[in-house]
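Report on the structure
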Amino acid sequence: MNLNDTIAAISTPPGRGGLGVVRLSGAQARAIAERILSSVAWQAWRAHTAELLDAEGRVLDHVVVTFFEAPRSYTAEDVVEICCHGAPVVLRHAVERALAAGARLAEPGEFTLRAFLNGRIDLPRAEAVRDLIEATTLYQARVAAQQAGGSVSRRIAPLKDQLLELIALLEAGIDFAEDDVSVASAADLLSRLDPIREGVARLAASFQYGGLVRAGLTLAIVGRPNVGKSSLFNRLLEQDRAIVTDIPGTTRDLVSETASIGGIPVKLYDTAGIRDPGGLVESLGIERSYQAMADADLTLVVVDISQPLDDADRALIARARSQGRYLVAANKLDLASGTGICACDSCLPVSALTGAGIAELREAILGAIAPPGAFEEETGFITSLRHEQLLRESAAWLDKARAAMEAGIPHEMLLLDCYAALRPIDSITGATTADDILNRIFSTFCIGK
């Protein structure tokens with residue numbers, strides 16, 4: 001991949017549409033555009049009308065052209081965007097004409113790669129661009145947009161800054177001892193290290209929720225036959241996806257669909273009713289129900305609130321409890337006598353028929369997967385597994401650094417742990433150079449007077 005080439009590609013999704021955009025980026029972007037368009041009164045950051053010409057100079061389409069002059073563009077290079085009518089044949093021809101005029105077809109992600117390499121965005125922002133494109137709910141899109149705006153970088157930057165100050169302090173005391181630069185006491189070093197350690201560990205732990213925001217979760221709805229699992233499935237989905245009858249055992253196989261609950265994509269599994277199997281097909285369906293329970297992020301056990309809780313219900317609740325996170329929904333509240341008494345401890349009374357209690361059930365599903373206050377802090381968590389692994393690696397090295405401080409190990413060895421903790425953070429935000437360290441040392445201490 002030659003980053004000095006001018007690249008071109010279709011930037012809108014495949015298929016037909018009212019409009020489609022061809023993007024060029026590089027030093028020759030404007031010159032190449034001039035070869036395939038009628039005369040354009042070029043003016044940076046302004047849209048102009050033009051005509052897209054074929055190889056014989058005939059008009060193929062009337063287009064709108066926008067020129068983004070370097071460095072104030074997405075890639076920090078000259079960028080030209082040609083907005084055509086969205087016929088695939090027109091868009092393909094525009095790209096072919098650009099390639100014939102000297103451009104190269106862009107590699108996947110190359111526009112964003114150039115934005116990163118040219119210092120326009122950092123790695124967390126680049127990764128957030130991908131997440132924003134892949135978002136399936138508005139909440140996911142809002143979180144990704146916040147991160148594309150630098151929210152993750154702003155959370156990590158103060159921690160990295162504090163770690164660099166600690167490294168500079170230790171380096172100064174070692175390398176410039178003859179200049180009487182004193183190294184701080186062990187207590188002072190610990191007071192500097194602990195906030196960094198705690199901040200990195202807390203940010204890494206936020207992935208427990210942030211990963212679910214990005215990837216969603218799976219919810220298995222299980223229970224005995226005829227307790228209303230399929231009705232509850234349809235109610236959560238807000239459409240009639242599963243067949244509902246009064247005949248026990250209607251659902252024989254897994255039925256799955258994805259719903260948005262509080263902005264989180266939740267893949268719902270409606271499972272076969274669990275009972276003593278009446279045949280091979282039902283036996284296989286029940287086995288798949290148990291497998292869905294084992295694989296799901298959260299299990300929703302459905303019981304019938306209008307009937308006494310039996311041994312099969314209790315056994316199913318115990319199995320869900322042993323496998324991880326679970327909730328119990330006491331369905332058919334509309335048939336319960338009086339106000340309806342929950343059939344078990346900590347159950348959620350609902351009615352799939354009337355919708356009573358469904359809002360509370362949705363809140364309980366979110367509460368089971370999200371730490372308190374997570375929804376109020378849209379920029380307070382990380383959503384990338386890569387970031388989580390790197391932050392945990394950094395936190396582990398900071399733990400070793402703390403142990404070394406407490407053990408009175410020489411500062412030269414302590415520095416190795418601090419540098420090791422810095423490397424994973426650099427993998428997120430970008431490398432720290434030796435000049436960065438030296439600049440901090442010389443700006444902090446009066447050395448060489």
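Below is a summary of the structure that appears in this document.

Thresholds applied
Residues numbered from 1 in each chain as written. Predicted model: local features only at pLDDT ≥ 70, side-chain atom pairs only at ≥ 80, totals over all residues. Heavy atoms only, no water. Core = buried A, V, L, I, M, F, W, Y, C linked by side-chain atoms within 4.5 Å. Buried < 20%, exposed > 50% of the residue type's maximum accessible area, 1.4 Å probe, protein only. Helix = DSSP H or I, 4+ residues; strand = E, 2+ residues; numbered from the N terminus. Contact = heavy atoms within 4.5 Å. Pairing = 2+ DSSP bridges. Axes fitted to C-alpha atoms, helices over the stretch in contact; angles between N-to-C directions. Parallel < 35°, antiparallel > 145°, perpendicular 65-115°, else oblique. Left-handed = near helix turned anticlockwise from the far one by under 90°. Nonpolar A, V, L, I, M, F, W, Y, C, P; charged D, E, K, R; others polar. Disulfide = S-S within 2.5 Å. Expected span 1.5 Å × (residues − 1). Arc of directions from axis to C-beta. Polar contact = N/O pair within 3.5 Å; in protein donor to acceptor, adjacent residues only side chain to side chain. Phe/Tyr/Trp six-rings, centres within 6.5 Å; stacked < 30°, edge-to-face > 60°. Lys NZ or Arg CZ within 6 Å of the ring centre and 35° of its normal.

**A short note on the nonpolar core**
Membership of the largest hydrophobic core comes to 35 residues, with the highest contact counts inside it found for Leu232, Leu236, Ile264 and Leu300. The element best represented in this core is helix 12 (residues 358-369), accounting for 6 residues. Setting aside residues no more than four positions away along its own chain, Leu300 makes contact with Leu219, Ala220, Ile221, Val222, Leu232, Leu236, Leu327, Val328, Ala329 and Leu361. Grouped together as the second largest cluster of nonpolar side chains are 32 residues, Leu166, Val200, Leu203 and Met405 included.

**Topic: the sheet that holds strand 11 (residues 326-331)**
Pairing within the open sheet is mixed, and its 6 strands lie in the order 8-9-7-10-11-12. One side of each edge strand has no neighbouring strand; the edge strands of this open sheet are strand 8 (255-261) and strand 12 (348-349). Across the face of the sheet, helix 11 (residues 311-323) comes into contact with strand 7 (217-223), strand 10 (298-304) and strand 11 while running at roughly 170° to strand 10.

**Points about the side chain of Ser289**
Mapped onto the elements of the fold, Ser289 is located in helix 10 (residues 280-295). Of the residues examined, Ser289 reaches a relative accessible area of 0% and is grouped as buried. Among all residues touching Ser289, those that are not within four sequence positions of it are Val222, Thr271, Ala272 and Ile274.

**Some words on the side chain of Thr218**
As for its position among the elements, Thr218 is in strand 7. Judged by relative accessible area, Thr218 falls into the buried class, the value being 18%.

**Details of the sheet that holds strand 6 (residues 104-105)**
Pairing is mixed across the open sheet formed by 6 strands, whose spatial order is 3-4-5-2-1-6. If you trace the sheet from one side to the other, it starts and ends with strand 3 (47-53) and strand 6, each paired once. Pairing of strand 4 (residues 59-68) with strand 5 (residues 79-86) involves 5 bridges; the strand directions are antiparallel. In the strand pairing of strand 5, Thr66 is matched with Glu81. Taken strand by strand, helix 3 (residues 110-117) contacts strand 1 (7-10), strand 2 (17-25) and strand 6, and its axis lies near 135° from that of strand 1.

**Some details on the packing of helix 13 (residues 385-406) against helix 14 (residues 411-429)**
Think of two packed helices as two axes; the pair is described by the angle between the axes and how far apart they sit. Following both chains from N to C, one finds helix 13 and helix 14 inclined at 165°, their axes separated by 8 Å at the closest point. The orientation of helix 13 relative to helix 14 falls into the category roughly antiparallel. The way helix 13 lies across helix 14 gives a crossing that is left-handed. Of the residues in helix 14, those in contact with Arg386, His387, Leu390, Leu391, Glu393, Ser394, Trp397, Leu398, Lys400, Ala401, Ala404 and Met405 of helix 13 are Leu414, Asp417, Cys418, Ala420, Ala421, Pro424, Ile425, Ser427 and Ile428. Taken together, the residues that form the contact of helix 13 with helix 14 break down as 14 nonpolar, 3 polar and 4 charged.

**Points about the state of the cysteines**
Per the stated rule, a full pass over the model turns up 0 disulfides. Just so you know, Cys84 is unpaired, no disulfide at all, and the nearest cysteine sulfur is the one on Cys83, 6.9 Å from it. Judged by its relative accessible area of 1%, Cys84 falls in the buried class.

**Observations concerning helix 11**
Taking 1.5 Å per residue as the helical rise, helix 11 with its 13 residues ought to reach 18 Å, and the 18 Å between its terminal C-alpha atoms agrees with that figure. Those residues of helix 11 not exposed but buried are Asp313, Leu316, Ile317 and Ala320. For helix 11, the arc enclosing every buried residue in end-on projection is 100°, short of the 170-degree limit, so these residues lie on one face. Relative to its buried face, helix 11 has exposed residues pointing more than 90 degrees away, namely Asp311 and Ser322. N-cap assignment for helix 11: the residue whose side-chain oxygen lies 3.1 Å from the backbone N of Ala312 is Asp310.

**Regarding the packing of helix 9 (residues 229-237) against helix 12**
Where helix 9 contacts helix 12, the two axes come as close as 11 Å, and the packing angle between them is 80°. The pairing of helix 9 with helix 12 is recorded here as roughly perpendicular in orientation. Between helix 9 and helix 12, the residues in contact are Leu232, Arg235 and Leu236 and Ile358, Leu361, Arg362 and Ile365, respectively. Per-class residue counts for the contact of helix 9 with helix 12 are 5 nonpolar, no polar and 2 charged.

**Side note on the packing of aromatic side chains**
When we look at a pair of aromatic rings, we describe it by the centre distance and by the angle of the planes. Summed over the entire model, instances satisfying the criterion amount to 2 aromatic pairs. When the centroid spacing of 5.8 Å and the interplanar angle of 80° are considered together, the rings of Trp42 and Phe67 count as edge-to-face. Here Trp42 is found in the loop between helix 1 (29-36) and strand 3, whereas its partner Phe67 is found in strand 4, with 25 residues between them in sequence. Judged by relative accessible area, which is 17%, Trp42 ranks as buried. Assessed through its relative accessible area of 4%, Phe67 is described here as buried. Seen in terms of ring centroids, Tyr209 and Phe381 are 5.1 Å apart; in terms of plane orientation they differ by 80°. Their pairing is edge-to-face. Here Phe381 lies in the loop between helix 12 and helix 13 and Tyr209 lies in helix 8 (residues 207-215), a separation of 172 residues in the sequence. This pair shows no difference in class: Tyr209 is buried, exactly as Phe381 is. Between Arg30 and the ring centre of Phe67, over which it is positioned, the NZ or CZ distance is 5.5 Å. The ring of Tyr290 is capped by Arg319, whose NZ or CZ atom sits 3.8 Å from the centre of that ring.

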